[in-house]
Amino acid sequence: MKKIILLTLISLFFSCNSSAQKNETKETFPVTKTDAEWKAQLTKEQYYILREAGTERPFSSPLNKNYEKGVYHCAACNTPLFKSEHKFDSGTGWPSFDRVIEGNVAFGTDTKIGYTRDEEHCATCGGHLGHVFNDGPKETTGKRHCINGDALKLVASKE
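Since this is a predicted model, take the numbers as computed values, not measurements.

Novice: Would you mind showing me how to read the packing of aromatic side chains here?
Specialist: To describe a pair of aromatic rings, one takes the distance between the centres and the angle between the planes. Following the criterion strictly, the structure yields two aromatic pairs and no others. Feature note: the residues Tyr 72, Phe 82 and Phe 97 constitute an aromatic cluster, connected by ring pairs. For the cation-ring pair, Lys 33 lies above Trp 38, with the distance from its terminal atom to the ring centre recorded as 5.0 Å. A cation over an aromatic ring shows up here: Lys 87 above the ring of Tyr 67, its NZ or CZ 4.5 Å from the ring centre.

Novice: I keep staring at unusual backbone geometry and nothing clicks. Help me out?
Specialist: A negative phi angle characterises most non-glycine residues, just as the trans form characterises most peptide bonds. Within the chain, Ala 53 stands out as a residue other than glycine whose phi angle is a positive 60°. With respect to the helices and strands, the residue Ala 53 is situated in the loop between α3 (44-50) and β1 (70-74). In this structure Ala 53 comes out as partly exposed when scored by relative accessible area, which is 22%. Positioned with a positive phi, Asn 78 is a non-glycine residue whose angle comes to about 70°. You can see Asn 78 is positioned in the loop between β1 and β2 (80-83).

Novice: Before we go on, may I ask you to explain the side chain of Gln 46 in this structure?
Specialist: Assignment of secondary structure puts Gln 46 in helix α3. For Gln 46, a relative accessible area of 16% puts it in the buried group.

Novice: Even after reading the chapter, I still don't get the sheet that holds strand β3 (residues 87-88), so can you show me in this structure?
Specialist: Adjacent strands of a sheet pair through backbone hydrogen bonds, lying either parallel or antiparallel. Spatially, β3-β4-β8-β7-β6-β5 is the arrangement adopted by the six strands of the open sheet, whose pairing is antiparallel. Strand pairing shows two members of the sheet lacking a second neighbour, β3 and β5 (105-110), which therefore form its edges. Two strands pair when backbone bridges link them, and strand β6 (residues 117-122) and strand β7 (residues 128-133) are joined in this way by four bridges, in the antiparallel orientation. Across the sheet, residue His 121 finds its bridge partner in β7, namely His 128.

Novice: What exactly am I supposed to notice about the pattern of salt bridges here?
Specialist: Close approach of charged atoms allows side chains of opposite charge to pair. If you walk through the whole model with that rule in mind, you get three salt bridges. When the shortest N-O distance is used, the salt bridge between Asp 98 and Arg 99 registers 3.0 Å. Assessed through its relative accessible area of 5%, Asp 98 is described here as buried. The exposure class assigned to Arg 99 is partly exposed, which follows from its relative accessible area of 30%.

Novice: How should the sheet that holds β2 be read in this particular structure?
Specialist: Taken together, the three strands give an open sheet; going across it, the order is β2-β1-β9, and neighbouring strands pair in antiparallel fashion. Taken across any chain shown, the strands that pair with only one partner, and hence form the sheet edges, are β2 and β9 (152-156). Sheet twist, expressed as the mean angle between neighbouring strand axes with direction ignored, is 35°.

Novice: Teacher, can you tell me more about the nonpolar core here?
Specialist: General note: in soluble globular proteins, nonpolar side chains tend to be found buried as a group. If you look at the biggest cluster of nonpolar residues, it comprises 22 residues, and the most contacted ones within it are Leu 50, Cys 74, Leu 81, Phe 82 and Leu 152. Counting residues per element, the ones that place at least two in this core are α3, β1 and β2. Take this core: its biggest share by element is three residues, from α3. Each residue touching Phe 82, except ones within four places of it in the same chain, is listed here: Val 71, Tyr 72, Phe 97, Arg 99, Val 100, Ile 101, Val 105, Glu 120, His 145, Ile 147 and Leu 152.

Scoring rules and cut-offs
- Residues numbered from 1 in each chain as written.
- Predicted model: local features only at pLDDT ≥ 70, side-chain atom pairs only at ≥ 80, totals over all residues.
- Heavy atoms only, no water.
- Phe/Tyr/Trp six-rings, centres within 6.5 Å; stacked < 30°, edge-to-face > 60°.
- Lys NZ or Arg CZ within 6 Å of the ring centre and 35° of its normal.
- Helix = DSSP H or I, 4+ residues; strand = E, 2+ residues; numbered from the N terminus.
- Buried < 20%, exposed > 50% of the residue type's maximum accessible area, 1.4 Å probe, protein only.
- Pairing = 2+ DSSP bridges.
- Salt bridge = Lys/Arg side-chain N within 4 Å of Asp/Glu carboxyl O.
- Axes fitted to C-alpha atoms, helices over the stretch in contact; angles between N-to-C directions.
- Core = buried A, V, L, I, M, F, W, Y, C linked by side-chain atoms within 4.5 Å.
- Contact = heavy atoms within 4.5 Å.

Written as structure tokens, this is what we have:
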């Protein structure tokens, strides 16, 4: 009888721990590198934000109050993500935009801080950019794309 109970418990344990219930599928992106390659390419802060989904301190990015004309690219793979004409001062301490360059930003769900947020990442390399909220300018899209400055680089226009 003890053997039957033991076998039942073991089979129950393995059936509840099946690989079908584990979400270990990793999304693939056109630009893929090893952790070592990303660490060699990015600064420590960029790696923390882009590859580990970190967040920079508010008001720490020089891009927050930068209003030069140009296009903001992914700091990891140089994909154009946001146009300067769609940037606005949200007062939150992070560069904010009311829209993305369509097809270059992908979205997911983030529950790391105890509630659900809409995460944004680069559609080319998967780098974490920030989050999107529904409290942006009502006269345009109503969206606030709250982006880590270390995830971006500004490519100034020649005008």
